[in-house]
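Overview (structure and organization)
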Amino acid sequence: MRKIVIFAAAALLATACSANTAGTSDAAAPGAAPAAPGKDATSVGFIFVGPKDDYGYNQAAYQGSQVVAKAFPDLKVITAENVPEDDNAARVMNSMIAKGAKIIFATSYGHLDAALKVAAEHPDVAVVQQGNLITGTPPKNAGTFFGTVYEPVYLAGIAAGKATKTGKLGYVYAFPISQSIDNINAFELGAQSVNPSAKTYTVNTSSWCDPAKQAEAAANLLKQDVDVITQHQDCTATVIKATEAAGKYSVGYHADASSIAPKGWLTGSQWNWGPLYTDIVKTARAGSFTGSKYNANFRVGYKTGDNPFVQSPYGPLVDAGTKAAIDKAKAMLSTGSPFAGPITDQGGKVRIPKGTIPDYETIEKIDYFVSGVVGSLPKS
Amino acid sequence: MTTTLTPAEPVKVPSRRSADLLDGVRRWAGALVGAVVIFSALLLVKGADPIAALGDMVASIFTSASIEQIAIKATPLILAAMAVVLPARTGLANVGGEGQVIIGAVCAAGVGLAFDSMGPVALVAMLVAGAAGGALWAGIAAAMRLTVGVNEAVTTLLLNYVALDVMLYLIYEPWKDPNGSGQPATRPLAVAARLPLIGTTAVHMGLVIALVAAVLVWLVLRGTAFGFRLGVTGGNPEAARRAGLPVKRLLLTAMLLGGALAGLAGVMQLAGVEFKLRPGLTANIGYIAFLAAWLARHKPLPAVGGAVLLAVISIGGDSLQLDSGLPAATVNVLMGLVLLAVLGWASKGTGKRTDALR
Amino acid sequence: MLFVDVLAGGVRGGTAIMFGALGETVSERAGVVNLGTEGCMLIGALGGYATAAETGSPWLGLLAGAVVGGLLALVHALLVIWRRADQFATGLTLMFLGLGLTSLYGATYVGKAAPGFAPVNVPLLADIPVIGEVLFRHDPVTYLSFVAAPALWWWLRNTKGGLLLRTAGERADVLHVHGYRPGLIRGRAVVAGGALAGIGGAQLSTAYAHAWFEGMTAGRGFIAVALVIFAAWRPIWVMAGSYLFGAALALAPALQARGYALNQFALDALPFVITLVILAVLGKRTLRAAPEELRRVFESAPSK
């Protein structure tokens, strides 16, 4: 018996290893200098973590990809939705490259590792990732980009702070990742700037889209007299409809949802990826990706250019005074930041000293809630 | 390869065998054609061209890169399918592969992150820890079955959700990579502690481990007294008990071994593919492997085939999106139809039709 | 009050699970396990939402949810009863099929507005302290569920149909002797169970979340299957179990909205752990209550 086992194992090993010689590798031949990443690309690939029609984050990214398709009629745009944030993402990106894509957009926060892996395997392909940060120096053919999402959220926080009658705001989020933490903090800071006693109550759902959990979260926030609710979820309709049905105020995220909250809609934040995507594609096709601003952790906000994350239109209840306060804050953001010191955390400790305006990277690494946010974060 | 294994199989009357085989092939082919026809009809309703979509899909499978990807995808599926096959021999349904894969990866990560500077030694320790973790998780369900009689199909399903929360807790809190820009994941394993690649391919050594494990399961089930006892227990527990077999111990052992195999699948994903613990680590491996095992009616070597078939469908499914622009979940429809067709029409139970409808 | 909110949330969130679990009860009392309840709920959620969006009537949506849930279950019935396919594997496959089909055809309804059920306060009863808030300020489908569980209990116990169904689950050969066809009775039970699960899904999309999104049942169908066992196949216990599970789900947001600091993942695992613990405690007793034919499925299913 044992003999057979050993023999079988050996035979297996032998077959497996003999496959080496037959096995092919996709890696570029060593020695030959790769072409400039993305130069003269005839095809570009986009991967999305969720469905491209989620009325949220992924749909916005998909729409951006369609703007690219329009801007470059000679360019083939390949898209893939529901691409998980694991090694499957690398597989899908590799398939796109096999189909000729020379520029890849990995549009979810969790796609970074796979994106970097693909970038390392294909030096001639420009790989850009949306929303995360590359630690250290990015490879010559990779980069990350994002808007300063928290800036329009800060502005929306002002509208919320002005609108609330109870002084209680609600925030439904999924997981304690940095983007959500920044958004929650900015929302509270915006509200505080016009309503110092406003508090933001946080509820998480442990899912980017579980409508039933969202409904329960909204119901409980409303029960606690919260009268303005916003969220960081991939699908947003449930929370907004619940808030509207209760006669309270909604602040949107990802998309203009004023049509489902005709009465209580205040404002919100929504994506406009088209121009940024188009410029990235243009840069890469021209052969000048390496060393460009996109070959880095590129961030754009009111201070540095056209934020791809913009404020949604106002609802009917927003008065002139609120609009003026928001305009003033927007002007402030062109030189400052929602996180301009002093910023104190929930424990009262000063985390960003007075007079300091933190850079984008510092802001994206904030791992605490500011004073005024109600809720807790995991201690890591 | 196959020829080296054939002598181990007892040779029956050849004509009968080949007739059986022919019948099986005919039924499988019929089932697959049926599934593809229904799938095509669904695509037509959706406004897509089924011939182009399926043609592109088939073409996409036969590239060297795809074949490597299929091998990588099949590796944990094979192990997790064995995790269903072994307990099934005793009559137990292990639907908890998903959770056992997760806990296997979690335990391996715990060991790996502590000792990965030691390279291959750590890798071996991770394999052991992963197998132990998977066995432990399956053991909870086995214990509940053996002490209070709660059905293991239900408990293993529930434990899948608990396992996921255990992993999420670890990667959001104590094990989170402090240099990971806030991403919920552990730090990556040191390169020396990862599974080596097979030659110059992109396929990691886990494939060899998985195939060896499958062959071992096959040999144990078919050629050892232990395997025979498992079969007797599964066939008729009452008779086994009367024959003096330690039924409870056999059930427990089968379940623990199954869990250990699923745990190994988790180690493969961790040390061969992902290199860090992160939320989407398992990607339904446990569920898909469960179905692969059923496709093969719980025979170990055919289950390897089942795992490969499902890996082929899921890799080929990429093409449905990339080439044909169909929604991502289209591949789930195809997989579901193929499975239903095979379960319903390629099974041996066809002769009992009148009996069932009496 | 925290406990009132949690109980009210338990009823709100437990209703969909209860319909799923009542459906599973019908199926299992007849001797067939349907792990595909998850798929039936999902397809019911889409069918309900889409129909409500197209026709403007959430009631028609509820009906459509029942129809598509039943149709998917019919696949299970055909394979399991007619083709003798394995119950666990077929059920799990049904889940994948439901996920795929709803995603393939559901895309157009994501983010689309549809009329839904709004909460209606029951006159007088809604004003009773505590009880009013927990039980009588919900949507009409929830009120329907208050009736559904006792009605099922009564039907199983007191009607000929109920007797035949139970006999199909306990002693199918007896039916055969008396000239009935157990296969047909079981098939009907499985389809009816799928229809109930479909109603549960439709409640989720048209009354609770007011939205359709792929995969929105998120495991609630599996929970329903587990609940049936811990409820020992009794409709009234299914009702209680659903509310308990709903309450466990409602605990996290209720605590967080009050500002309590708690471990998110421990709270997420809580409903599953509670179910496991209850199964462990009630284990032996519930097993004895299992329909005879079903016990056969549970104890030796995979050995074919």
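Throughout, residues of each chain are indexed from 1 in the direction in which the sequence is written. Both sets of labels track the order of writing: A upward for chains, 1 upward for ligands. Residues qualify for local features only when their pLDDT is at least 70, as the model is predicted, and side-chain atom pairs are given and counted only at 80 or more; totals for whole chains, interfaces and linings, by contrast, use all residues.

Within chain A, the secondary structure is distributed over 11 helices and 15 strands. Against the compact-globule benchmark of 21 Å for 380 residues, chain A has a radius of gyration of 23 Å, which places it among compact chains. If one aligns the C-alpha atoms of chain A with their principal axes, the spans along those axes are about 75 × 60 × 40 Å. A burial count over chain A gives 59% of its 380 residues as buried. A pair of residues counts as a contact when their C-beta atoms, built from backbone coordinates, are separated by no more than 7 Å. Long-range contacts, defined as pairs at least 24 residues apart, comprise 67% of the intrachain contacts of chain A with a sequence gap of at least 6. Strands here mean DSSP runs of E at least two residues long; helices mean DSSP runs of H or I at least four residues long; both are numbered from the N terminus. Computation of the radius of gyration draws on C-alpha atoms alone. For the globule rule, the value is 2.2 Å times the number of residues to the power 0.38. Three classes are used. A residue is buried when 20 or more other C-beta atoms lie within 10 Å of its own, exposed when 12 or fewer do, and partly exposed in between, with C-beta atoms placed from the backbone.

Once that is clear, we can look at the interface of chain C and chain B. Every contact between the two is made by 50 residues of chain C and, on the other side, 48 residues of chain B. Counting residues per element, the ones that place at least two in the side of chain C that touches chain B are helix 3 (58-82), helix 4 (87-106), helix 10 (220-230), helix 12 (264-289) and helix 13 (292-300) of chain C. It is helix 12 of chain C that provides the largest number of residues to the side of chain C that touches chain B, a total of 13 residues.

Turning to the nonpolar core, a few remarks are in order. Each nonpolar core reported here comprises buried Ala, Val, Leu, Ile, Met, Phe, Trp, Tyr and Cys residues connected via C-beta atoms within 7 Å. Core analysis: the biggest nonpolar cluster contains 360 residues, and Leu77, Leu79, Ala81, Met82 and Ala292 of chain B have the highest contact counts within it. Each domain span listed reflects an automatic or database assignment of domains. The two domains that each donate at least three residues to this core are domain 1 (43-147 + 273-300) and domain 2 (150-270 + 308-374) of chain A. Those residues in contact with Met82 of chain B, other than ones at most four positions away along the chain, are Ala213, Ala214, Val217, Leu261, Pro300 and Ala303 of chain B.

Residue and element names in this part refer to chain B. pLDDT is a per-residue confidence score from the predictor, ranging from 0 to 100. Put simply, chain B has an average pLDDT of 86, and 91% of its residues get 70 or more. Within the model, the stretch residues 1-13 combines pLDDT values under 50 with 6 contacts to residues more than four positions away or in other chains. The model gives residues 349-358 a pLDDT under 50, and that stretch makes 14 contacts with residues more than four places away or in other chains.

This part is about the interface of chain C and chain A. Chain C puts 29 residues into the contact, and the matching count from chain A is 32 residues. Mapped by element, the contributors of at least two residues to the side of chain C that touches chain A are helix 1 (2-29), helix 9 (182-208), helix 11 (235-257) and helix 12 of chain C. Broken down by element, the side of chain C that touches chain A gets its largest block of residues, 6 residues, from helix 11 of chain C. When residues are sorted by character, Ala, Val, Leu, Ile, Met, Phe, Trp, Tyr, Cys and Pro go into the nonpolar class, Asp, Glu, Lys and Arg into the charged class, and all the rest, Gly among them, into the polar class. Along the lines of polarity and charge, the residues of the side of chain C that touches chain A split into 17 nonpolar, 7 polar and 5 charged.

Take the sheet that holds strand 7 (residues 199-204) of chain A next. Consider a sheet: its strands pair through backbone hydrogen bonds, and that pairing is either parallel or antiparallel. All names here are of chain A. By this definition, two strands are paired if DSSP reports at least two bridges between them. In space, the 7 strands of this open sheet follow the order 12-10-9-8-6-7-15, with mixed pairing throughout. Each edge of the open sheet carries a strand with a single partner, namely strand 12 (309-311) and strand 15 (373-374). Note that strand 8 (residues 228-232) and strand 9 (residues 249-254) share 2 bridges and pair parallel. Within strand 9, the residue paired with Ile229 across the bridge is Ser250. Sheet strands touched by helix 8 (residues 237-245): strand 6 (168-173), strand 8 and strand 9. Its angle to strand 9, the strand with the most contacts, is close to 170°. Helix axes are fitted to C-alpha atoms over the stretch in contact, other axes to C-alpha atoms as well, and angles between N-to-C directions run from 0 to 180 degrees.

Below, the discussion takes up the packing of helix 4 (residues 64-89) of chain B against helix 12 (residues 285-295) of chain B. All names here are of chain B. Between helix 4 and helix 12, whose axes approach to 8 Å, the crossing angle comes to 60°. When the axis of helix 4 is compared with that of helix 12, the two are oblique. Note on packing geometry: the crossing formed by helix 4 with helix 12 is right-handed. Where helix 4 approaches helix 12, its residues Pro76, Leu77, Ala80, Ala81, Val84, Val85 and Ala88 are matched on the opposing element by Ile285, Gly286, Ile288, Ala289, Phe290, Ala292 and Ala293. Each residue belonging to the contact of helix 4 with helix 12 can be placed in one class, and the counts come to 13 nonpolar, 1 polar and no charged. Each angle receives one of four descriptions, namely roughly parallel if under 35 degrees, roughly antiparallel if over 145, roughly perpendicular if within 65 to 115, and oblique otherwise. What makes a crossing left-handed is the near helix being turned counterclockwise from the far one by less than a right angle; a clockwise turn instead makes it right-handed.

With that settled, consider helix 12 of chain B. Because an α-helix completes one turn every 3.6 residues, residues spaced three or four positions apart along the sequence face the same direction. Residue and element names in this part refer to chain B. Within helix 12, 11 of the 11 residues are buried, which leaves it mostly tucked inside the rest of the structure. For helix 12, the full list of buried residues reads Ile285, Gly286, Tyr287, Ile288, Ala289, Phe290, Leu291, Ala292, Ala293, Trp294 and Leu295. In the stretch just after helix 12, Arg297 is the one whose phi turns positive, near 50°.

Looking now at unusual backbone geometry. Note that the residue after Gly341 of chain A, namely Pro342 of chain A, is joined by a cis bond; omega there is 0°. For Pro342 of chain A, the position within the fold is in the loop between helix 10 (320-333) and strand 13 (343-344). The phi dihedral of Asp40 of chain A is positive, around 55°, even though this residue is not glycine. With respect to the secondary-structure elements, Asp40 of chain A resides in the loop between helix 1 (2-22) and strand 1 (43-47). Although it is not a glycine, Trp233 of chain C adopts a positive phi angle of roughly 60°.

Glancing now at the domain arrangement of chain A. All names here are of chain A. Under the domain assignment, chain A is made up of domain 1 (43-147 + 273-300) and domain 2 (150-270 + 308-374). Centre-to-centre separation of domain 1 and domain 2, based on C-alpha positions: 28 Å. Taken together, the contact pairs 16 residues of domain 1 with 15 residues of domain 2. Elements represented by at least two residues in the side of domain 1 that touches domain 2 include exactly helix 2 (57-71) and strand 11 (297-300). Considered class by class, the residues forming the side of domain 1 that touches domain 2 number 8 nonpolar, 6 polar and 2 charged.

Turning to the sheet that holds strand 1 of chain A, a few remarks are in order. Residue and element names in this part refer to chain A. The parallel open sheet is built from 6 strands, whose spatial order is 2-1-3-4-5-11. In this open sheet, the two strands that pair with only one neighbour each are strand 2 (76-80) and strand 11. Between one strand axis and the next, the sheet turns by 20° as a mean value, whatever way the strands run. The sheet contact formed by strand 1 and strand 2 spans 5 bridges and is parallel. The partner of Ile47 across the bridge, within strand 2, is Ala80. This element, helix 3 (residues 87-98), spans strand 1, strand 2 and strand 3 (103-106) of the sheet and lies at about 165° to strand 1.

As a further point, take the pairing of strand 1 of chain A. Residue and element names in this part refer to chain A. Burial analysis of strand 1 places 4 of its 5 residues in the buried class, the great majority of the element. We call a crossover right-handed when, viewed with the strands running away from us, the connection from the first strand over the helix to the second turns clockwise. Read as a crossover between parallel neighbours, the route from strand 1 over helix 2 to strand 2 is right-handed. Bridge analysis of strand 1 against strand 3 gives 4 bridges, and the strand direction is parallel. Considered in strand 3, the bridge of Phe46 is made with Phe105.

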